[in-house]
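Reading the structure
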Amino acid sequence: MDQAELHRIEARCIQEEPPRCRAACPLHVDAREFCTLLAAGRIDAAWAVLCRTLPLPGILARICDAPCRAACLRSQCGGGIDMAALERFCATSARKTPPLHPLPSRGKNAAIIGCGLPALAAAWDLARKGFAVRIHCRAMADIPASAYLEDCPTDIVERELERLRTLGVTFVEDAEPAPKLVEALLAATDAVFVDPRACPAEALGIPAPDPTTLETTRPGLFAAPSPAPGTSPAALAALGRKAALSIERLMQGASLTAGREREAPFASRLYTNISDVAPLAPVPVPPTGYDDTSAREEARRCLRCECMECVRHCAYLEHFKGYPKTYARQIYNNASIVMGTRQANTLINSCMLCGLCEELCPEHFPMVALCLDARRDMVQRGKMPPSAHEFALRDMTFANGESCAVAKLQPGTTTNRWVFFPGCQLPASAPDAVERTYAHLRETLPGGTALLLRCCGAPAHWSGRQDLFAASVDALRADWEALGTPTLVTACPTCAQMLREHLPEANTASLWAVLGQYGMPPSPAVPAGPLCLHDPCTTRHDDALRAQVRTLCAALGITPTEPSLSGRLTECCGFGGLLADANAPLAATVAARRAEKLDGTGLTYCAMCRDLLAQAGKPCLHLLDLLFPADDTPPTPRPAPGISKRRENRVRLRERLMDTLWREANAPRPEHESLAIAYTPAAKEIMEKRRILESDVARTLFAAKRDGHILARAGSPRRLATHRPSTVTYWVEFECDAAGGYVVHNAWSHRMRVSGVES
Amino acid sequence: MSTLKVLSEDFSNWTCEACGETLVPRPVTLDYLESRFRVELPACPRCGLVLVPESLALGKMAEVERLLEDK
Ligand code: SF4
Ligand code: SF4
Ligand code: SF4
Ligand SMILES: [Zn+2]
């Protein structure tokens, strides 16, 4: 990703767009920030927000008629925020006004003709920027009428004019504003602005100025047409501000037009979801204006408009305390680091690549592509942390290895029209259900059904290992071709997605569609209580698959409820994108959050979703538990098998099928499996958490015994075995029992290599 | 390269089962991803088998591994 690409991506996220109030305000007061502070009772801080933005805040805050109110999003649910009344309350109640810090003198002077709001605002801005300013008017006594200050208390007006003088503005009561005065001042000063309330451009006989700059055909002269009657005071002040900015740019020799698109009121691109906002009417303003309580109450009605549509629904986006726009920059910076710590590695590897954000985002921000590309880039440059995905990739290799993988035609047949492809996680989670399903398919599908046991390659894909993924898809294709290119019957929605996208030449059909079409199992069992259907996130764009599942449920006589986010808006269980590998605590949070949204017993059709939700404490069933129950009693939610059990399940399934169906010899079990090993419950728990497999422990004990790598401690029956099979060193704390077996108490591992000992 | 002392416990009641030797503190080289450290760890004076206790593996060592992975 280069800078230009980054900016393109960043621009898709509109979270930093201004709220409607600010965009609609001619002076761009941030009513959102103002209300937030006021609602918190921080009157002085709220006043500081006005002082930062408004020229002559003491005056403007009292006369502003809040053109933002019509644009305020609150107007769609109760009524726009009464900014006018809130500003007045703030102006009268604030106890501290921030001091003015004008910039040092620039040695340039400007003359302003007239004393209406445009004139005063232009003078305020120019004086603060270090220009010497003179206001030429007929009489100071004109000011209240020209600037709509009739209702403003005299002492307030006096105080603000005094502040103008403190900034160095001088008032000259010398003349009628007439073209002759303009000429004289143009000759004597660097720039002249004519307040249209005193002398509009048309009266000067000068062609109507370009409205964005107020520039006229006379160099150095800025003017405006007569404002329409009833123009808001804020808009009049904004006119003066515009002139001041043009004059400043003229004197700096800068472009008068560049980057001024959003100076006038504009429509913000910010999107704010108000579907859950209850209507709430404005707090009535008493004749004396708001007091502390009523002002706070009114300010609290502000919705604090922002987007965050995606963040609100994604524990991952929330966890890293930003939003996609900020993440895009962090990811970009991460890639650019040559020396030092890459701060965003965990951020990049924790996205579930589930696509919910993109679905919710009004601009379809490409978070999945951003994270996946970053992972691929890290892999290619050798910067992917080995620990991030190694466990999942090892598991994938194992699932594709000779102890688990199968590619065989239905026994007794020579060609098959179908091949059952349950994926690698279903055999790991529910091997018996896989066996029963395959038996049913063999009986019901016309033309024979082969079996293909292996991984679809999703872990390689998600971890950014494009080489490994390509190899995995090639191997899958080769198996499928060797079986005679039968229609792939998928049970796992992730497999279905992977095959559709990466093996498009293959015909696929979901198990659920096939069952519906060619015959349901003879004795399904349906639990009594309410069921809540969880759609796996890999079905987000597979409307057909989700429909097939619902049809199947109907055929079983069940109508499950659905959580608030379902179908196209379904949430990930925490497995997607290998989150559990890169960030186990976050994966647990995600699963728990999803589990909480499901009423009653969860029902789903992805083995990983089922297991992760079960692990989060949610009673959860797989559709196959209902379709192919172990016996004819209603299925009860089973716990999630641990990491070692998952492997064992796959191996056992293959062994059983080889024995009973194809009557072929199985691959011999590895030597270390001959050891008799028992685990204390504590050891089992620790190993699960540290992702140490029983086979890792067995291998360690076997190798340590063979090589003598065992340490003993005086006075303790426990000993310590160590072994480094590849990139991880394992340590196993064990005891020997009388029968020559082992009892394992503890295990740990590290990646750092002990490479040398000095004597 | 100086030798870091990372363990404060006493390991003199540990022995190497194969050699029957008591473990003694030794300078040990540790490698991970192009980085190399020298730390003092209990080791068998005869065969060089080194003990990496749980507290070290899951504490400081894991921390350093993580840091190096993000480098
Ligand atoms: S609700 Fe608040 S933030 Fe939103 S537009 Fe209105 S004042 Fe601005
Ligand atoms: S986890 Fe899903 S919803 Fe969250 S950022 Fe990643 S793709 Fe989007
Ligand atoms: S949904 Fe998220 S990514 Fe999209 S604009 Fe809103 S905050 Fe940005
Ligand atoms: Zn030894």
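Since this is a predicted model, take the numbers as computed values, not measurements.

Things to note about the overall build of chain A
For chain A, the helix and strand inventory stands at 35 helices and 19 strands. For chain A, the C-alpha radius of gyration of 36 Å lies well beyond 27 Å, the compact-globule estimate for 759 residues. Principal-axis analysis of the C-alpha atoms gives chain A an extent of 110 × 75 × 50 Å. The buried share among the 759 residues of chain A stands at 55%. Across chain A, the fraction of contacts at a sequence separation of at least 24, relative to all contacts at a separation of at least 6, is 71%. Working note: accessible area of chain A is about 31,800 Å², and carbon and sulfur atoms make up 53% of it. For chain A, the distance from the average position of its 85 positive side-chain charges to the average position of its 83 negative side-chain charges is 3 Å.

Comments concerning the overall build of chain B
The secondary structure content of chain B amounts to two helices and four strands. Taking the principal axes of the C-alpha coordinates as reference, chain B spans close to 40 × 20 × 20 Å. Relative to its 71 residues, chain B shows a buried fraction of 38%. Taking contacts inside chain B between residues at least 6 apart in sequence as the whole, the part at least 24 apart equals 45%. Accessible surface, chain B as shown: approximately 3,800 Å² in total, 50% of it carbon and sulfur.

Overview of the packing of aromatic side chains
The way to describe two aromatic rings as a pair is by their centre distance and the angle between their planes. All names here are of chain A. In the structure shown here, the tally under the stated rule is eight aromatic pairs over all chains. Through successive ring pairs, a cluster of aromatic residues spans Y316, F320 and Y327. Over the ring of Y438 we find R442; its NZ or CZ atom is 4.5 Å from the centre of that ring. Its guanidinium or amino end placed over the ring of F398, R647 lies 4.3 Å from that ring's centre, counting from NZ or CZ.

Section: helix α13 (residues 233–252) of chain A
Residue and element names in this part refer to chain A. Helix length check: α13, at 20 residues, gives a terminal C-alpha distance of 29 Å against a target of 28 Å (1.5 Å per residue), a fit within 8%. Counting buried residues in α13 gives 15 out of 20 residues, a clear majority hidden from the surface. Capping the start of α13 is the job of one residue whose side-chain oxygen sits 3.1 Å from the backbone nitrogen of A234: S232. Where α13 terminates, the next one or two residues include G253, which has phi positive at roughly 70°.

Observations regarding the site of ligand 1
Around ligand 1, the neighbouring residues are P19, C21, A31, R32, C72, L73, I81, C302, L303 and C305 of chain A. Considering only residue class, the shell around ligand 1 consists of nine nonpolar, no polar and one charged.

Details of the confidence of the model for chain B
Within chain B, residue pLDDT values average 94, and 100% of them lie at 70 or more. For this predicted complex, the interface confidence comes out at an ipTM of 0.98, alongside a pTM of 0.92.

Thoughts on the interface of chain A and chain B
The interface of chain A with chain B comprises 34 residues on the first partner and 36 residues on the second. Carbon and sulfur atoms supply 56% of the area that chain A and chain B bury against each other, a total of about 3,200 Å² over both sides. Of all residues in chain A, L711, M752 and E758 of chain A bury the most surface against chain B, accounting for 22% of the area lost on that side. At the surface where chain A touches chain B, the tally comes to three salt bridges. Across the salt bridge formed by R719 of chain A and E17 of chain B, the nearest N and O atoms sit 2.3 Å from each other. For the interface between chain A and chain B, the tally reads 21 residue pairs in polar contact (both at pLDDT 80 or more). Elements supplying a minimum of two residues to the side of chain A that touches chain B: α18 (345–349), α21 (386–399), β15 (710–713), β16 (719–723), β18 (742–750) and β19 (753–757) of chain A. Sorting elements by how many residues they give to the side of chain A that touches chain B places β19 of chain A first, with five residues. A breakdown of the residues in the side of chain A that touches chain B according to their chemical character gives twelve nonpolar, 14 polar and eight charged. In this structure, β15 of chain A lies alongside strand β2 (residues 14–16) of chain B, joined through three bridges in antiparallel fashion. Note on β2 of chain B: the bridge partner recorded for R713 of chain A is W14 of chain B.

Focus: the nonpolar core
Residue and element names in this part refer to chain A. In terms of nonpolar packing, the biggest core is built from 81 residues, with F34, L38, M83, L86, I112, L120 and L164 touching the most fellow members. Domain assignment of the residues forming this core places at least three in each of domain 1 (18–97 + 271–301) and domain 2 (109–226). Those residues within four positions of L164 in sequence are excluded, and the remaining contacts are L56, L120, A123, W124, V169 and F171. Core analysis: the next-biggest nonpolar cluster, separate from the first, contains 77 residues, A328, L347, A374 and A399 among them.

Observations concerning the pattern of salt bridges
Within this structure, the stated rule accounts for 57 salt bridges over all chains. We note a salt bridge from E248 of chain A to K129 of chain A, for which the minimum N-O separation is 3.0 Å. Here E248 of chain A, found in helix α13, pairs with K129 of chain A, found in the loop between α8 (117–128) and β2 (132–137); they are 119 residues apart in sequence, far enough to count as distant. A relative accessible area of 10% places E248 of chain A in the buried class. With its nearest N and O atoms 3.1 Å apart, the salt bridge here joins E21 of chain B to R46 of chain B. In this pair, E21 of chain B is assigned in the loop between β2 and β3 (24–32) and R46 of chain B in the loop between β4 (35–43) and α1 (54–58), connecting sequence segments 25 residues apart. One network of salt bridges, in which partners are shared, links E648, R652, E655, R669 and E673 of chain A.

Parameters and conventions
Residues numbered from 1 in each chain as written. Chains lettered and ligands numbered in written order. Predicted model: local features only at pLDDT ≥ 70, side-chain atom pairs only at ≥ 80, totals over all residues. Heavy atoms only, no water. Helix = DSSP H or I, 4+ residues; strand = E, 2+ residues; numbered from the N terminus. Rg over C-alpha atoms; globule rule 2.2 N^0.38 Å. Buried < 20%, exposed > 50% of the residue type's maximum accessible area, 1.4 Å probe, protein only. Contact = heavy atoms within 4.5 Å. Areas by Shrake-Rupley, 256 points an atom, 1.4 Å probe, with all protein chains shown as cover. Lys, Arg positive; Asp, Glu negative; His and termini not counted. Charge placed at Lys NZ, Arg CZ, Asp CG, Glu CD. Phe/Tyr/Trp six-rings, centres within 6.5 Å; stacked < 30°, edge-to-face > 60°. Lys NZ or Arg CZ within 6 Å of the ring centre and 35° of its normal. Expected span 1.5 Å × (residues − 1). Polar contact = N/O pair within 3.5 Å; in protein donor to acceptor, adjacent residues only side chain to side chain. Near = heavy atom within 4 Å. Nonpolar A, V, L, I, M, F, W, Y, C, P; charged D, E, K, R; others polar. pLDDT = per-residue confidence, 0-100. Buried area = accessible area lost by both parts, 1.4 Å probe. Salt bridge = Lys/Arg side-chain N within 4 Å of Asp/Glu carboxyl O. Pairing = 2+ DSSP bridges. Core = buried A, V, L, I, M, F, W, Y, C linked by side-chain atoms within 4.5 Å. Domains from an automatic or database assignment.

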